[in-house]
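# Overview (structure and organization)
The lines below spell out each chain.
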Protein chains: 4
Amino acid sequence: MIIIMKPNASEEAVGKIKDLIESNGLQAHLSKGTEVTIVGVVGDKTKLQGANIEMLEGVDKIVAVTETYKLVNKKFHPEDSVITIGNAKIGPGHLTMMAGPCAIENHHMVLETAFAVKKAGAQFLRGGAYKPRTSPYAFQGLEEEGLKYMKEAREATGLNIVCEVTSLRALETSIKYVDMIQIGARNMQNFELLKEAGKAGIPVLLKRGLSATIDEWLNAAEYIASEGNPNIVLCERGIRTYETATRNTLDISAVPVIRSKSHLPIIIDPSHATGVRAYIEPISKAAIAVGADGLIVEVHPCPSCALSDGPQSLTFEQYQKLAEELQPYARLAGRNLS
Amino acid sequence: MIIIMKPNASEEAVGKIKDLIESNGLQAHLSKGTEVTIVGVVGDKTKLQGANIEMLEGVDKIVAVTETYKLVNKKFHPEDSVITIGNAKIGPGHLTMMAGPCAIENHHMVLETAFAVKKAGAQFLRGGAYKPRTSPYAFQGLEEEGLKYMKEAREATGLNIVCEVTSLRALETSIKYVDMIQIGARNMQNFELLKEAGKAGIPVLLKRGLSATIDEWLNAAEYIASEGNPNIVLCERGIRTYETATRNTLDISAVPVIRSKSHLPIIIDPSHATGVRAYIEPISKAAIAVGADGLIVEVHPCPSCALSDGPQSLTFEQYQKLAEELQPYARLAGRNLS
Amino acid sequence: MIIIMKPNASEEAVGKIKDLIESNGLQAHLSKGTEVTIVGVVGDKTKLQGANIEMLEGVDKIVAVTETYKLVNKKFHPEDSVITIGNAKIGPGHLTMMAGPCAIENHHMVLETAFAVKKAGAQFLRGGAYKPRTSPYAFQGLEEEGLKYMKEAREATGLNIVCEVTSLRALETSIKYVDMIQIGARNMQNFELLKEAGKAGIPVLLKRGLSATIDEWLNAAEYIASEGNPNIVLCERGIRTYETATRNTLDISAVPVIRSKSHLPIIIDPSHATGVRAYIEPISKAAIAVGADGLIVEVHPCPSCALSDGPQSLTFEQYQKLAEELQPYARLAGRNLS
Amino acid sequence: MIIIMKPNASEEAVGKIKDLIESNGLQAHLSKGTEVTIVGVVGDKTKLQGANIEMLEGVDKIVAVTETYKLVNKKFHPEDSVITIGNAKIGPGHLTMMAGPCAIENHHMVLETAFAVKKAGAQFLRGGAYKPRTSPYAFQGLEEEGLKYMKEAREATGLNIVCEVTSLRALETSIKYVDMIQIGARNMQNFELLKEAGKAGIPVLLKRGLSATIDEWLNAAEYIASEGNPNIVLCERGIRTYETATRNTLDISAVPVIRSKSHLPIIIDPSHATGVRAYIEPISKAAIAVGADGLIVEVHPCPSCALSDGPQSLTFEQYQKLAEELQPYARLAGRNLS
């Protein structure tokens, strides 16, 4: 931690800060500049918890030198993690394909979709049983009934199941049925839910918040890891910007940034990022080329009949075609579909 | 709802859409333009739930004409609402002052602060017992113990108590102690929590999400209202932008925008919006001048010792001075402090 | 300047940086932390121009301690500036009112508007002769002919004239007719234009760029000042965010931020910030309450006939009413209309 | 164009609008809804220039149906354009590689860099002679002297030359030396410069503004095209968002969006988009995979000595390696390096 003093800070003010730091068992290194004085703090910063240095007389600002997340930080865990779920591996060397409807609508469509995406090579079936919807009057999901259909689909196809949980209640119910839970963008900082997901120990797909910084995202992952659950996969799904040509703005640079800061796998959701079916294929190719560990794509038996997100869903044929076109990109990136 | 067809849309495609609309008991009005054809849909749109018109052949885009929120919509409730909590009224003609520490740290500081803000004219004591913190290693709050201190403070001072809830569990506990619950920015789209807050019937202070649109914010309020709870007060606390000179960017225009779209009261939080103590006074004056119904301000007996948000907290003396300086602005805006 | 080394930086790497700094006649202060080493640089940083320290082995990042702008920096010019233009003063103690049409459309409307805003108490007539328009097919302005109308309006009313310049050519022509030139949001980083405006010496109204940081804005002002022109007035006109309920998002906190960082006057443009006539009055009151030195408002004899920005323009009656309603706010803020 | 009336709009108000439209030789199609009435306008909208319909009694809002840009619009020019510059082609089937230093620093480094990037397969040498810099005290470029070095480099290597112009003066001088001019992000809406670039007829590399929408970007291109210059190449270089982990946020979706809206070629600038050397390789692969027509990359003989943007520049060896690694991606995308 670095403390930058104001240009006019008095000797006395600097002295008080030095004393405070040293009285907490840390060391203070002073650099007296022509305009300002800088104090470098050496030692365990947590000892300064509660001493609001920003508030002390003469202090201009504080600069943090180290990140607050530790367990998910690459500095302390240099090799990339590979998460194993059932027969699937998520991480370097593998390309994980997750696909399915935005919302689970009925028994038939789930099975139908499961067989179609399995045939195309997907390892995971996605589908929403608990839907976070902007309006209370929009379709809210089939809840436990939907989870049962998903479990059946797994038994019939061998696919792994991933479903979003939007509350502790949904979490408790879902872990009985699914292989991986998803914590969506709107709940990325629902810290109670993150802690419970950590305690549950089940693999978690953690989507980036609508306007979360990468630092906040990794701190959210740290909430899960700090409860003893290391099985975390990050998912970039676009951030909110002023541009309206796409539903969100995919921050594709987040992939190399995460690679440099964390050992966790990261996948991309081209469906929510763009909101437009025609953009999913080029964005999926870019996602593999940039180094993502996988893709989660919306697929629906009849997009024009979907109860939510129809315009960004692919038909079975379109998904089959996408999977085939991604093959050479996966090979180029040294990734196997398994 | 308006359906805009693509320039090259076939007669047949337009015909199919017309049929779909009419087969659902609605009317379709066609406008054949030189470049494109437009279809105006007349009738109850909910009948089209599930028919994803964007997906149909030849459709370019859909334009919504009416809002999805109804109960909080000014169109259907033209006179502004005034919420009564204990002896306080929130809405036109009143200036509601909420103040207190970001986090409840101990028994003494709560009582001390309560007396100080009461003396300065506040009607509400704020204080966090459940703290949403970016890092799992930061102070997380005293939880129920903190709520007990707040209740005591109410008994000692007669102040109304407002505390943030971050989960269903926190909600269940808090309603036993507080007069109003706060749903914070990070939980603005925690729909389960919104529904439960609606069922609980207790007054709710609903903060705007970090990057929520005003439309999403009003839909979040609709979740509460749709469960039968009309006692909702909105709170603008700054949105996330690229500017880093302040902690967030206060969207002061949100006040007149909300006035034109909704009948709910709206207050402003200058502490979280700016994150800088020196900016709180000018922003508070602006908040009253623009027509806000009140202010929620962070006050701490010793900001430099605060366990969270010290730099943006006011001392008792500073808050007393602020309250006095706001008096003439309140009079000018025709608002009484009660 | 502070240099933060990577956790694994070698002794040798640190040594090389220390040598580089000292060989440039500066001092290096080392703070060896438990995780990282920090190097504080003391002395004239410009001597390091060209030595890209970020690039050197072992360096993690650089933290700037001091701003790059000097002449407009409050640290080196503590008292607030008051700019005198004709009989008007812009700065503390004064409330400057600028008003007029977005675009100059004809001779008659300029004179008509000039008399109306003069009557309402404005000291400046604004009007666009050179219009920056998103589409090449939109009305581009009357250019010099429009400037002549403005000059006539000044002779008839005694109002000061402010007009936007969009190029060096427009600048050269305009200075023959106007009292103050405006550099608009789209040209805030048109550095050639800033330099020429500095050389011209004429007072400059410098609007904030669509997505400029306050730091970039002050550096743009520094371009003008560094050419010997101290007569600069800043204008906050809203920044670009994801919110679409208003044309832009007024960053009202920019006023106290500028007050703390610079001695230059700052006014607010509620017309472009909101884009909605109904929001201009509340925002104007807030602007005065927050401490702005003035307002620039769009007024048009017949907003429904305006060739640009009609929806955000006020009629003469509405402007007269606005000016009257702002009086008590100006008095409260200790500002005279002169 | 669609006019949406307010819920309470009177019959008379609707009638007046219908009359206005028809009196301008256009047709009005009414759709009376249960809540609101909608008026579809058919015919040449330019006839309504100056009639501010938003302002008329009873009008809620206007929805534009067609874009304002025509010449660069794919609707009116369905096949993608291929721009020929010297021996190079920019567009489908080709991968255009532009490389060179951010700023031209001296004669030697330009030649040295030219030979290096030529060897790696680049067809264009980039280099800044006129530098737009945030601070007036930062290196501003060698101007005409730098252009001479670039011309020499072309003669020595056969590379095409692209240089940024920041003013009309710079444009006039540059066209004597370069094959293509660049209009940078800060000048994307410097309309005078766009018009002159259009008149000059020289190929233009038009970078996206820091926070320009895709629609504004295409309108900026329309300014150039409307002056008779069809040789325009778009360049996505990242937009401004709240995320600070990268210098800007690359909007990679802009490539498929531009493909769907315009026939102009589009390239990507990974150097300015990320600002971090380590991210350039993965982003470049993604750029080719998503369908970009080329890349413009910063290369410097000694990045640690660069006078600007050192941290994002590649060494000759790194650029050579990048070019080789991109080969298979180019083949996969069906693009030749020529």
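Residues numbered from 1 in each chain as written. Chains lettered and ligands numbered in written order. Predicted model: local features only at pLDDT ≥ 70, side-chain atom pairs only at ≥ 80, totals over all residues. Heavy atoms only, no water.

### Details of the overall build of chain A
Per the secondary structure count, chain A includes 10 helices and 14 strands. Here chain A, with 338 residues, has 64% of them falling under the buried criterion. Long-range pairs, those at least 24 residues apart, make up 68% of the contacts in chain A between residues at least 6 apart in sequence. Entry remark: accessible area of chain A is about 10,900 Å², with carbon and sulfur atoms responsible for 50%. In chain A, which carries 36 positive and 39 negative side-chain charges, the distance between the mean positions of the two groups comes to 2 Å. (Helix = DSSP H or I, 4+ residues; strand = E, 2+ residues; numbered from the N terminus. Buried < 20%, exposed > 50% of the residue type's maximum accessible area, 1.4 Å probe, protein only. Contact = heavy atoms within 4.5 Å. Areas by Shrake-Rupley, 256 points an atom, 1.4 Å probe, with all protein chains shown as cover. Lys, Arg positive; Asp, Glu negative; His and termini not counted. Charge placed at Lys NZ, Arg CZ, Asp CG, Glu CD.)

### Description of the side chain of N187 of chain D
Relative to the helices and strands, N187 of chain D is located in the loop between strand 10 (180–183) and helix 5 (191–200). If we ignore the near neighbours within four places in the chain, the residues touching N187 of chain D are N190 of chain C together with V165, T166 and L193 of chain D.

### Some remarks on the relation of the copies chain D and chain C
Turning chain D through 180° and shifting it by 0.0 Å along the axis lays it on chain C, with an RMSD of 0.1 Å. The two molecules are tied by a two-fold rotation axis, judged by turn and shift. Every residue of chain D has its C-alpha some distance from the rotation axis, and the shortest such distance is that of S211 of chain D, at 3.1 Å. Most of the interface of chain D is mirrored in chain C, where 100% of its interface residues are also at the interface. (Least-squares fit on C-alpha atoms with pLDDT ≥ 70 in both.)

### As for the sheet that holds strand 4 (residues 59–63) of chain A
Residues and elements named next belong to chain A. Pairing in this open sheet of four strands is antiparallel, and the strands run 2-3-1-4 from one edge to the other. Every other strand in the sheet has two partners, leaving strand 2 (27–32) and strand 4 as the edge strands with one partner each. Direction aside, the axes of adjacent strands within the sheet are offset by 20° on average. Against the sheet, helix 1 (residues 11–23) contacts strand 1 (2–5), strand 2, strand 3 (37–42) and strand 4, and its axis sits at roughly 155° relative to strand 2. (Pairing = 2+ DSSP bridges. Axes fitted to C-alpha atoms, helices over the stretch in contact; angles between N-to-C directions.)

### Some remarks on helix 5 of chain D
All names here are of chain D. In terms of residue burial, helix 5 counts as a mostly covered element, since seven of its 10 residues are buried. By the burial criterion, the buried members of helix 5 are F191, E192, L193, L194, K195, A197 and G198. G201 lies just past helix 5 and shows a positive phi near 75°.

### What about the pairing of strand 12 (residues 232–236) of chain C?
Residue and element names in this part refer to chain C. With five of its five residues buried, strand 12 lies for the most part within the structure. Alignment of strand 11 (residues 204–207) against strand 12, held across four bridges, turns out to be parallel. Directly across from L205, in strand 12, lies its bridge partner V233. With helix 6 (residues 214–225) bridging strand 11 and the parallel strand 12, this β-α-β connection has right-handed handedness. Pairing geometry for strand 12 and strand 13 (residues 266–268), over three bridges, is parallel. Within strand 13, the position partnered with E236 by the bridge is I268. (Right-handed = clockwise from strand over helix to strand, strands pointing away.)

### Some points on the sheet that holds strand 3 (residues 37–42) of chain B
All names here are of chain B. An order of 2-3-1-4 is seen for the four strands of this open sheet, with the pairing classed as antiparallel. Lying at the two open borders of the sheet, with one neighbouring strand each, are strand 2 (27–32) and strand 4 (59–63). On average, adjacent strands in this sheet sit at an angle of 20° to one another, irrespective of strand direction. Bridge count between strand 2 and strand 3: six bridges; the pairing is antiparallel. Note that in strand 3 the partner of L30 across the bridge is V39. Its contacts with the sheet place helix 1 (residues 11–23) against strand 1 (2–5), strand 2, strand 3 and strand 4, and it is angled at close to 155° to strand 2.

### Let's talk about the interface of chain A and chain B
Contacts between chain A and chain B engage 47 residues on the former and 47 residues on the latter. For the pairing of chain A and chain B, the buried interface totals around 3,800 Å² over both sides, and the portion due to carbon and sulfur atoms is 49%. If you look at where chain A meets chain B, you find four salt bridges. With a shortest N-O distance of 2.7 Å, R240 of chain A and E216 of chain B are connected by a salt bridge. The interface formed by chain A and chain B holds 19 residue pairs in polar contact (both at pLDDT 80 or more) in total. Listing elements by their share of the side of chain A that touches chain B, those giving two or more residues are helix 5 (191–200) and helix 6 (214–225) of chain A. For the side of chain A that touches chain B, the leading source of residues is helix 6 of chain A, giving four residues. When its residues are assigned to classes, the side of chain A that touches chain B shows 18 nonpolar, 18 polar and 11 charged. (Buried area = accessible area lost by both parts, 1.4 Å probe. Salt bridge = Lys/Arg side-chain N within 4 Å of Asp/Glu carboxyl O. Polar contact = N/O pair within 3.5 Å; in protein donor to acceptor, adjacent residues only side chain to side chain. Nonpolar A, V, L, I, M, F, W, Y, C, P; charged D, E, K, R; others polar.)

### Here we look at the relation of the copies chain A and chain B
Mapping chain A onto chain B calls for a screw motion: a turn of 180° about the axis and a shift of 0.0 Å along it, with 0.1 Å RMSD after fitting. When the interface residues of chain A are mapped onto chain B, 100% of them again lie at the interface, so the same face is used by both copies.

### As for the domain arrangement of chain A
Looking at the assigned domains, one finds that chain A contains domain 1 (2–63) and domain 2 (83–337). Put simply, the middle of domain 1 of chain A and the middle of domain 2 of chain A, counted by C-alpha atoms, are 45 Å apart. (Domains from an automatic or database assignment.)

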